[in-house]
Each structure stands twice: as C-alpha cells, then as structure tokens.
Amino acid sequence: FQGDHFDTVLFNYKRVAKVWFDEDEEFYYKLRPMAREKDVGSVEERQKLRSSLQCKPYKWFVNNIAPNLVSEDQLAHYGQMKNVGKPRFCIDNLGNENKG
C-alpha cells in the first residue's frame, strides 16, 4: 500500500471498522465520510479469524473494556465545521503543531 499518512490511517481504520465495529460501522462512516468509498480490499479472512477465535462483540468491548468511548447516542452533533468568514484559517488543527 502506498499513499500519504492520512490515506494510510484512513485505510487501516476502515479495515478495523469492517472487521470489529459490527453495527457501529455505520457510525464510523458518519464521523469519517471520506472512508465510505475508500477501497480497502477484502477483510473476509480477518472476519473469519475473528469468528474462529470466538471474539466477543464490539458492544461487549465498549461496555466492559472501554466504557469511556463515545457512542453515537451520546453526541448532540457531529460533522465538519468550516470557518466561512476566513476559509483559509483552521478551526481545528487535528493535533498538528503547524497552526496554519
């Protein structure tokens, strides 16, 4: 796989969502709509492995291991924000040091 860092992360997270997120996969696409159309190849072997290992469902993980994860029903709003007054200025720098 070749591409910039953002593409690599998007590629890997979408594969994780397809294998592990169960019914919450759609929530992932609401938060990362550009991932919906991203081709990540087949995850069938990973899904078979998860099944053969009898892994617990994602909801079990959230409820028992990571209860601090935010679920869709806990959010009032989500999506993109744009600075219409100054479109070249960032509202969120996504943790980058360059405040550009």
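A quick note: this is a predicted structure, and the numbers were derived from the prediction, not measured.

Turning to helix α1 (residues 5–20), a few remarks are in order. With 16 residues, α1 should reach 22 Å at 1.5 Å per residue; the first-to-last C-alpha distance of 22 Å fits that figure. Regarding α1, the residues found buried are L10, F11, K14, A17 and V19. In this fold, the buried residues of α1 make contact with α2 (25–31) and α3 (44–52). At the exit of α1 stands D22, carrying a positive phi of roughly 50°.

Moving on to the confidence of the model for the protein chain. In this model, the protein chain carries a mean pLDDT of 84, and residues with pLDDT of at least 70 account for 84%. Least confident of the elements in the protein chain is α2, whose mean pLDDT is 89; most confident is α3, at 97.

Thresholds, definitions, all that
Every chain's residues receive numbers from 1 upward, in the order its sequence appears when written. Restriction of local features to residues with pLDDT of at least 70 applies here, the model being predicted, together with a cutoff of 80 or more for giving and counting side-chain atom pairs; totals for whole chains, interfaces and linings are based on all residues. Water and hydrogen atoms play no part in the side-chain values, which are based on all heavy atoms of the structure. Every helix listed is a DSSP run of H or I at least four residues long, and every strand listed is a run of E at least two residues long, numbered separately from the N terminus. Take the number of residues in a helix, subtract one, and multiply by 1.5 Å to get its expected span. When a residue's accessible area, from a 1.4 Å probe over protein chains only, is under 20% of the maximum for its type it is buried; when over 50% it is exposed; and in between it is partly exposed. Any pair of residues with heavy atoms lying within 4.5 Å of one another is described as a contacting pair. One number per residue, pLDDT, summarises how confident the predictor is, and it ranges from 0 to 100.

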